[in-house]
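Chain residues, written in single-letter form:
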Amino acid sequence: MTQRAPEPSGDESDGSSGPPGTDRPVMIDAGSELDPVHPVGLPAAGRGLTAAEVAERIARGEVNDVPVRSSRSVTEIVRANVFTRFNLIIGVLWVIMLFVAPIQDSLFGFVIIANTGIGIVQEWRAKKTLDSLAVIGEAKPTVRRDGIAAEISTSEIVLGDLVELGPGDKVVVDGTVAEADSLEIDESLLTGEADPVIKRAGDPVMSGSFVVAGGGAFAATKVGREAYAAQLAEEASRFTLVQSELRSGISTILKYVTWMMIPTAIGLIISQLVVKDNNFKESVARTVGGIVPMIPEGLVLLTSVAFAIGVVRLGRKQCLVQELPAIEGLARVDVVCLDKTGTLTEGGMDVAEVRALNGTDEPYLHRVLGALGASDPRPNASLQAIIDAYPVPAGQGWRVTQALPFSSARKYSGAAFDEGGGRESAWLLGAPDVLLPEADPALTEIEQLNEQGLRVLLLARVRGELDAPDIATGAAPSALIVLEQRLRPDAGETLAYFADQRVATKVISGDNAVSVGAVAAKLGLPGAEHTMDARKLPTDPDAMATAMEENTVFGRVTPQQKRDMVAALQSRGHTVAMTGDGVNDVLALKDADIGVSMGSGSEATRAVAQIVLLNNSFATLPSVVAEGRRVIGNITRVATLFLTKTVYSVLLAVLVVCFQVEYPFLPRHLTLLSTLTIGVPAFFLALAPNKERAHPHFVRRVMRYAIPSGTIAAIATFAMYLIARSHYSGTGALDAETSAATLTLFLVSMWVLAIIARPYTWWRICLVAAMGLAFLIVLVVPWLQDFFALKLVGTTMPWTAVGIAVVASVALEYTWRLVGRRFPV
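**Remarks on the overall build of the protein**
In terms of regular secondary structure, the protein is built from 27 helices and 22 strands. Each of the 825 residues in the protein was classed as buried or not, and the buried ones make up 56%. Taking the intrachain contacts of the protein between residues at least 6 apart in sequence as the baseline, contacts between residues at least 24 apart amount to 73%.

Structure (structure tokens):
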């Protein structure tokens, strides 16, 4: 639908305005009065509020002051890291140990304090990064006050403010339409209905919706917490740590660990305190020593730290992660759908040439193009190139009598003019293959230009009302406007990266498929020659999925088709990322597994995307993928370490209860083992580079190795303990037995670490060797022997421990290979 342009007062005006966000005078439409009975006392004309009215409303508190936080507060961060289920359990055990045992048996408590502190500091750093980036990426609506339009912060909007709207703008507060020029608003984020709604003066608009075509202005009727939809938007826009397979998988593991711990711990307590008639304090110490290692407390910490450090690293590259699981999600992506404009090409274009058709006079064409450019207050990239090439001198423009804004669905825009002297004309500017019949000879010439990677628009003269559904029928071609697109210098390297990582790339564009394919070929995209016009795509989802898998470049794609394409790929089990910057990308961005928006994109795209590239650089995407793969791959590695410890701790406790013997370890022994074989190595391994594509089924992938590894470690250690019990006797026998068992468990755990550290690099070898050297130092330095109560007695049992550890290590190697074959990823 179109709307008649208002009659100008005084001198003729070209109806142009500056770019959005600049202060500019506004032509007032006397017919745009608001409802006089509206309860909030809105202005009767389109000049907006006066400075005095704004000050009055601020004084009354009628300001849009809803605090949209980008992350958890510092208090919430501290609470989340300190008050956890396992911190409570360990805290109670720590307090008990402080009363009944030497300080070295309470070391595990200090480790937990350090871990919690690290978690708080790292998440606080991530919060600072997110908050600063959120301010940079914050949408600033254009508000009209005293007849001047200017950008302000969303929080500065007051009740009754007149907020301007254009294609891609997000409605930031609830309001009532005051001016409408073919205004179409998508309310799918609120209602789920994808079809845009035509809005006229007096119609309500809700925050969270966005403009897909046309323009206008609305008066704010609800601000702050009164706007229910704004509250929903605030909740939805918060950065979150939830809905992550990694985190949900760890939560599932911890839930089962908790249920295993309860009966095992009870049995161990009864066994050590009741059945065995030992020294009370030592029995308590050994009981606690059996319970503490069952808790994989560092796993949650390392996951939080890995995510937080990922956010900080990406933040330094001007990448705003609006949902933390997006780092993880992009690592799982196997198909990336790219929009050409703004992604492979830079936003701007240049007019290469104008080819007159059917004998049209060139100077007249230039005036027509200039008038078309001036008729749109919010030009897209193509029209901006025409404006730059054919500016209209001030006061010499034609009067606009009718305007048809560009729509991604119809692929053209238009305007009608009063040229003066009684002459009138109407024009359409858009896709040649949409405006021309299939047999038109001009299409052959256009095809040749498209094959060179040039973008071609057709200028056609028409008769009749622009909003007529058949207005393009019978259009008289007047000129071809050839536009040269600016390729992003880093796009080729980024496409090569995805190809190297076996991530399929699909270019989805509203432009001509051949032209897009030529651009993609210049950038070296594999399969760029496989192009398809989306108008020929089958509507059946399965057939569409086949076409999507067989082709690489798609042109003339409508916004709804982009959405259907994403759904078709997802139906084949693909994890899909969608990039875009225009309003026509919003539906697909919302439905994709991961939506990536450019920082210069429309408010709507930034609102629905999980990742915003504030530097507008497509080359940042590999960093995001690499960061996600690092997080998931490394957490999977270290989770196996932590859960191996949990498994062997539970099994050792069960075996101790069944055989009615003293628990072989004091807390200090397991603190030492955990630090050297899990804690320190896990920290380095969790932050190391990792390019392996993330795989699903986190819990299954971790437990398939942790269970057999923990079982082998427990059996080997307990067997050594029983052998040592039969060998040693007299005073100090229990300490000697413990030392032999500790040696066995350390060697087996070190072999698990050595397996997980593969493939070896120099620093991984040094890491494993350093942990082994640290344990050796404990065994040979007298005061460390006393501190950790570790002293190997004789030679028979120590060498027996080594022998059992070697057998267990061989069993580990065989088991890991067998599991890898029987239970592949």
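**Considerations on the pattern of salt bridges**
What the rule picks out here adds up to 22 salt bridges. The residue glutamate 445 makes a salt bridge to arginine 355 at a minimum N-O spacing of 2.7 Å. Separated by 90 residues along the polypeptide, glutamate 445 in helix H14 (residues 442–451) and arginine 355 in strand E11 (residues 345–356) bring together distant segments of the chain. A salt bridge links glutamate 662 to arginine 725, with the nearest nitrogen and oxygen atoms 2.8 Å apart. With glutamate 662 in the loop between helix H21 (621–659) and helix H22 (667–686) and arginine 725 in helix H23 (residues 698–727), this pair connects stretches of sequence that are 63 residues apart. Overlapping salt bridges, with partners in common, bring together Asp433, Asp533, Arg535 and Arg556 in one network.

**Considerations on a nonpolar patch on the surface**
A cluster of nonpolar residues, Val95, Leu98, Phe99, Ile103, Phe110 and Ile113, forms a patch on the protein surface that exposes about 600 Å² of accessible area. Every element with two or more residues in the nonpolar patch is listed here: helix H3 (85–100) and helix H4 (107–136). When residues of the nonpolar patch are assigned to their parent elements, the largest contribution, three residues, is made by H3. By secondary structure assignment, the location of phenylalanine 99 is in helix H3.

**Some points on helix H8 (residues 280–291)**
Under the 1.5 Å per step criterion, the end-to-end length of H8 is 17 Å for twelve residues, consistent within 8% with the ideal 16 Å. Counted residue by residue, H8 has nine buried out of twelve residues, so it is predominantly covered.

**Focus: the environment of asparagine 115**
Counting through the fold element by element, asparagine 115 comes out in helix H4. Classification of asparagine 115 as buried rests on a relative accessible area of 19%. The spacing of asparagine 115 and leucine 302 is 187 residues in sequence and 8.8 Å in space, taken between C-alpha atoms.

**Remarks on the side chain of threonine 505**
Looking at the secondary structure, you find threonine 505 in strand E17 (residues 504–508). For threonine 505, a relative accessible area of 8% translates into the label buried. When near neighbours in sequence (up to four residues on either side) are disregarded, threonine 505 contacts Val336, Leu338, Leu495, Phe498, Leu525 and Thr552.

**Re the sheet that holds strand E19 (residues 553–555)**
Ordered by their spatial adjacency, eight strands build an open sheet running E9-E22-E21-E20-E10-E17-E19-E18, and the pairing between neighbours is mixed. Two strands lie at the open edges of the sheet, namely strand E9 (319–321) and strand E18 (531–533), each paired on one side alone. Adjacent strand axes in the sheet meet at a mean angle of 20° when their direction is disregarded. Helix H17 (residues 541–550) rests against E17, E18 and E19 of the sheet, and its axis sits at about 110° to E17.

**Overview of the packing of aromatic side chains**
Per the stated rule, a full pass over the model turns up eleven aromatic pairs. Plain terms: the ring middles of tyrosine 364 and tryptophan 398 are 6.0 Å apart, the flat faces sit at 40° to each other, and that makes the pair tilted. Note that tyrosine 364 is positioned in helix H11 (residues 362–375) and tryptophan 398 in the loop between helix H12 (381–389) and strand E12 (399–404), a separation of 34 residues in sequence. Ring geometry for phenylalanine 746 and phenylalanine 775: centres 3.9 Å apart, planes at 10°, overall stacked. With phenylalanine 746 in helix H24 (residues 733–756) and phenylalanine 775 in helix H25 (residues 762–780), this pair connects stretches of sequence that are 29 residues apart. Take phenylalanine 746: its relative accessible area is 3%, and that puts it in the buried class. The buried category is assigned to phenylalanine 775, whose relative accessible area is 3%. Counting every residue linked through ring pairs, the aromatic cluster contains Tyr364, Trp398, Phe417 and Trp427. Between the NZ or CZ atom of lysine 255 and the centre of the ring of tyrosine 256, over which it lies, the distance is 5.5 Å.

**Things to note about the packing of H24 against helix H27 (residues 796–822)**
Remark: H24 packs on H27, axes separated minimally by 9 Å, with the N-to-C direction vectors making an angle of 30°. Relative to H27, the element H24 is oriented roughly parallel. H27 is crossed by H24, and the crossing has right-handed handedness. Residues Ala740, Leu743, Thr744, Leu747, Val748, Trp751, Val752, Ile755 and Ile756 of H24 pack against Pro798, Ala801, Val802, Ile804, Ala805, Ala808, Ser809, Leu812, Glu813 and Trp816 of H27. A breakdown of the residues in the contact of H24 with H27 according to their chemical character gives 16 nonpolar, two polar and one charged.

**A short note on helix H15 (residues 491–500)**
Where H15 is concerned, the buried positions are Ala491, Thr494, Leu495 and Phe498. Along H15, the residues classed as buried sweep out an arc of 100° about the axis, all on the same side. Exposed residues pointing more than 90 degrees away from the buried face of H15 are listed as Glu493 and Asp500. Where H15 is buried, its residues touch strand E10 (335–338), E17 and H21. Following H15 by one or two positions, arginine 502 has its phi on the positive side, about 60°.

**Some points on the pairing of E12**
Burial of E12 is extensive: six of the six residues sit out of reach of the surface. Here E12 pairs with strand E13 (residues 412–420) via five bridges, running antiparallel. Paired with valine 400 across the strands is phenylalanine 417, a residue of E13.

**Examining the nonpolar core**
Ranked by size, the top nonpolar core spans 133 residues in total, and within it Leu330, Ile611, Phe618 and Phe775 carry the most contacts. The dominant element in this core, judged by the number of residues it contributes, is H21, at 15 residues. Residue contacts for phenylalanine 775: discarding those within four places in its chain leaves Leu672, Leu673, Leu676, Thr742, Leu743, Phe746 and Leu790. If you look at the next biggest cluster of nonpolar residues, it comprises 26 residues, including Ala545, Leu569, Met578 and Ala592.

**Examining the packing of H23 against H24**
Where H23 contacts H24, the axes come no closer than 9 Å and their chain directions differ by 155°. It follows that H23 is roughly antiparallel to H24 by the angle criterion. Relative to H24, H23 is oriented so that their crossing is right-handed. For the pair formed by H23 and H24, the contact residues are Ser709, Ala713, Ala716, Thr717, Met720, Tyr721, Ala724 and Arg725 on the first element and Leu734, Glu737, Ala740, Ala741, Thr744, Leu745, Val748 and Val752 on the second. For the contact of H23 with H24, the residue count by class is eleven nonpolar, three polar and two charged.

Parameters and conventions
Residues numbered from 1 in each chain as written. Predicted model: local features only at pLDDT ≥ 70, side-chain atom pairs only at ≥ 80, totals over all residues. Heavy atoms only, no water. Helix = DSSP H or I, 4+ residues; strand = E, 2+ residues; numbered from the N terminus. Buried < 20%, exposed > 50% of the residue type's maximum accessible area, 1.4 Å probe, protein only. Contact = heavy atoms within 4.5 Å. Salt bridge = Lys/Arg side-chain N within 4 Å of Asp/Glu carboxyl O. Patch = residues over 30% accessible without salt bridge, like charges linked within 9 Å, V, L, I, M, F, W, Y side chains within 5 Å. Areas by Shrake-Rupley, 256 points an atom, 1.4 Å probe, with all protein chains shown as cover. Expected span 1.5 Å × (residues − 1). Pairing = 2+ DSSP bridges. Axes fitted to C-alpha atoms, helices over the stretch in contact; angles between N-to-C directions. Phe/Tyr/Trp six-rings, centres within 6.5 Å; stacked < 30°, edge-to-face > 60°. Lys NZ or Arg CZ within 6 Å of the ring centre and 35° of its normal. Parallel < 35°, antiparallel > 145°, perpendicular 65-115°, else oblique. Left-handed = near helix turned anticlockwise from the far one by under 90°. Nonpolar A, V, L, I, M, F, W, Y, C, P; charged D, E, K, R; others polar. Arc of directions from axis to C-beta. Core = buried A, V, L, I, M, F, W, Y, C linked by side-chain atoms within 4.5 Å.

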